[in-house]
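Residue strings, one per chain:
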Amino acid sequence: MAKNILITGGAGFVGSHLADALLAAGHNVRIFDNLTDQVHHHGIPEYLPEEAEFVHGDVRDSGAIRRALNGIDVVFHMAAAVGVGQSMYEIEHYMGTNTQGTAVLLQQFLQRKSRVEKLVLASSMSIYGEGKYLCAQCGGVAPQLRSVIQLRTKQWEPNCPVCSEALTPVPTDESKPLQCSSIYALSKRDQEDMCLLFGRTYALPVVALRYFNIYGTRQALSNPYTGVAAIFASRLMNGHQPMIFEDGRQLRDFISVRDVVRANLLAMESSQADGIAVNIGSGEPISIHEVAAELAHAMDAELPAELTQKYRAGDVRHCFADITAARKLLGYTPTVRFADGLKDLVQWLCSQQPQDRAAEAVAHLSEFGLTA
Ligand code: UD1
C-alpha cells in the first residue's frame, strides 16, 4: 500500500536517490531540506523529482518540522552536517544540526495525534572510531584512537594495546564498542542513541543504518568536506592531483548509493531490524590509494595522486564492515561492484563542472592545527 513518506535531507546525495526509489515503488514522498549552501549553491537541484513535494526548512525549526510531519507514515531522517574535518572546528553547527535537529524531530513525533509507523535513521560507521583488529599474540583487540604525537611522527598503524605488536585489521561488526574520534561522530552517536531510545520508550519501530563510505552520482562535488571519491574526482576534473592523507594504505569500505537505497527500502519493509543498528557497507576493504588509482583509471586521467604523509584530525586508520547482520535481518546483499559503481559515477561526472575547493579545506584545517 502506498505510504506517505518524509525524507529529511531529501535534496541531498542519498536522500534524493531514495526519493526516486520510493516514488518508483508507488509511495508519496515529501522532501524536507534546508538546501545548505555548501552543498546546493544553485538552489533546488535539477535532479529532484517533480512528483515529490518539496518543503524548504531546517531541522532545528520545530514549527517547520511539525508541519512537515503532517500526514506522514514513515520518516527517513537523513538531514545532517557531514564533514569529519569540518566538524572539528564548527562544533556548534554540527551539534546543532545533528544532535539538536534530531531532538526537535523526536519532540515533534510526540506532538502528533497519530503515530508515525517507522523511523529509519542515517547513522554512520564513524561512531566505531578505529575498526576491529586481530593481534597474532593476543587475539581480538580494540586499540585506542591514535594520539596526536603518533600522528605527528607519522606512525600510521595502531599497535596492540596489550603487547604493542603489529595488528591485522578485520571486519567491524555492530558489537564493537563505540569510540568517537570526531565531533561529527559524536553527533551521529547522539542521533542513533536518541532515536533508538525513543523507539524503545514509545514502541516506535526504529532502524539505524550505519553507513560506511557511500559514493555515487549526485555526491556534492564542490563540497570539500564530502566523501573522498567526490573530492578526488573534483581534483582530477580540474587538472589537480588528488591529495592523499597519511600513506594511502588506510582501509575503508566503499558502498554504492544504489545499494544504500536498497538497504533503506528493506529497513522500511522488514521488521527484523527494528530497535537496532545495522552496518551497511560492501564488506570489502579497499585502500584510499587504490580508490584514487581506480578512479583515475576510470576517468582516463593521467595524474597520479600525491601522498602527502600528513594526517587529518579525526581520521581512523582502518574500518570496514562486517555485514552479517544486514544480510541476516534485512536480506541485504550489496550488488554493485566498486569498478561498476565507478563507471556510473564517471559517466555522470562528464555532465558536471565542479569547483575544486580541497586546498581551501586543507587551509582551514591547518589554521586550526587539525592537519600536519
Ligand atoms: C567519514 C566518516 C563517515 C562519514 C563520512 C562523511 C569516520 C571514520 N567516517 O568517513 O561515517 O559518513 O566521513 O563525510 O569518521 N582522504 C584523503 N584525501 C582527501 C580526503 C580524504 O586522503 O582529500 C582520506 C581520509 O584521510 C580518510 C579517507 O580518505 O582516510 C576517507 O575519508 P572520507 O571520505 O572523508 O571518509 P571517512 O573519514 O572515512
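Residues numbered from 1 in each chain as written. Predicted model: local features only at pLDDT ≥ 70, side-chain atom pairs only at ≥ 80, totals over all residues. Heavy atoms only, no water.

**A word on the environment of F54**
Position of F54 relative to the elements: it lies in strand β3 (residues 53–56). For the pair F54 and I7, spaced 47 residues apart in sequence, the C-alpha separation works out to 9.9 Å. Setting aside its immediate chain neighbours within four residues, F54 contacts A11, I31, D33, L35, I44 and L48. (Helix = DSSP H or I, 4+ residues; strand = E, 2+ residues; numbered from the N terminus. Contact = heavy atoms within 4.5 Å.)

**Let's talk about the pattern of salt bridges**
For the structure on display, the rule yields 19 salt bridges. A salt bridge links D173 to K132; the shortest N-O distance between them is 2.8 Å. Note that D173 is positioned in the loop between β8 (167–170) and α6 (183–202) and K132 in strand β6 (residues 132–135), a separation of 41 residues in sequence. By relative accessible area, D173 is classed as buried at 16%. In this structure K132 comes out as partly exposed when scored by relative accessible area, which is 25%. Through salt bridges with shared partners, one network takes in E130, R146, E157, E246, D247 and R317. (Salt bridge = Lys/Arg side-chain N within 4 Å of Asp/Glu carboxyl O. Buried < 20%, exposed > 50% of the residue type's maximum accessible area, 1.4 Å probe, protein only.)

**Thoughts on the domain arrangement of the protein**
When its domains are assigned, the protein resolves into domain 1 (4–131 + 172–367) and domain 2 (132–166). On a C-alpha basis, the centroid separation for the pair domain 1 and domain 2 is 28 Å. With 19 residues of domain 1 at the contact, the number on the domain 2 side is 13 residues. Contact with domain 2 buries surface across domain 1, with E130, Y311 and R317 losing the most and accounting together for 37% of the total. For the interface between domain 1 and domain 2, the tally reads four salt bridges. In this structure, the salt-bridge partner of R146 is E130, at a minimum N-O distance of 3.8 Å. One can count twelve residue pairs in polar contact (both at pLDDT 80 or more) joining domain 1 with domain 2. (Domains from an automatic or database assignment. Buried area = accessible area lost by both parts, 1.4 Å probe. Polar contact = N/O pair within 3.5 Å; in protein donor to acceptor, adjacent residues only side chain to side chain.)

**A word on unusual backbone geometry**
In terms of backbone geometry, most residues other than glycine have negative phi values and most peptide bonds are trans. The phi dihedral of K154 is positive, around 60°, even though this residue is not glycine. Looking at the element boundaries, K154 is found in the loop between α5 (148–152) and β8. You can call K154 partly exposed: its relative accessible area is 39%. If you check the backbone angles, E246 has positive phi at about 60° while not being a glycine. Along the chain, E246 falls in the loop between β11 (243–244) and β12 (251–252).

**Side note on the packing of aromatic side chains**
The tally for this structure, following the rule as stated, stands at eight aromatic pairs. Each ring, one from F254 and one from F338, has its centre 5.8 Å from the other, and the planes form 55°; the classification is tilted. One end of the pair, F254, is in strand β13 (residues 254–256); the other, F338, is in helix α11 (residues 338–349), and 84 residues separate them in sequence. Of the two residues examined, F254 and F338, each falls in the buried class. (Phe/Tyr/Trp six-rings, centres within 6.5 Å; stacked < 30°, edge-to-face > 60°.)

**Overview of the sheet that holds strand β1 (residues 4–8)**
Read from one edge to the other, the open sheet built from seven strands follows the order β3-β2-β1-β4-β5-β9-β14, with strand pairing classed as parallel. The open sheet is flanked by β3 and β14 (276–280), the only strands paired with a single partner. Across the sheet, the mean angle from the axis of one strand to that of its neighbour is 20°, orientation sign disregarded. Strand direction decides the pairing type here: strand β4 (residues 74–77) and strand β5 (residues 118–124), joined by four bridges, are parallel. Pairing of F76 across the sheet is with V120, part of β5. (Pairing = 2+ DSSP bridges. Axes fitted to C-alpha atoms, helices over the stretch in contact; angles between N-to-C directions.)

**Some thoughts on the layout of surface pockets**
A volume near 240 Å³ is recorded for the second largest pocket. Lining the second largest pocket are Y215, F254, I255, S282, E284, P285, I286, P334, T335, V336, R337 and F338. In terms of residue class, the lining of the second largest pocket is built from eight nonpolar, two polar and two charged. (1 Å grid on protein atoms, 1.4 Å probe; cavity = no way out; pocket = protein on both sides within 12 Å on 5 of 7 lines; lining within 4 Å. Points joined across faces, edges and corners; volume = space filled by probe spheres on them. Nonpolar A, V, L, I, M, F, W, Y, C, P; charged D, E, K, R; others polar.)

**Some points on helix α1 (residues 13–24)**
A rise of 1.5 Å per residue sets the reference length of α1, with its twelve residues, at 16 Å; its end C-alpha atoms lie 18 Å apart and thus fit the reference within 8%. Taken across its twelve residues, α1 has nine buried, putting it largely inside the fold. For α1, the elements touching its buried residues are β1, β2 (28–33), β4, β10 (213–215) and α8 (257–269). At the exit of α1 stands G26, carrying a positive phi of roughly 95°. (Expected span 1.5 Å × (residues − 1).)

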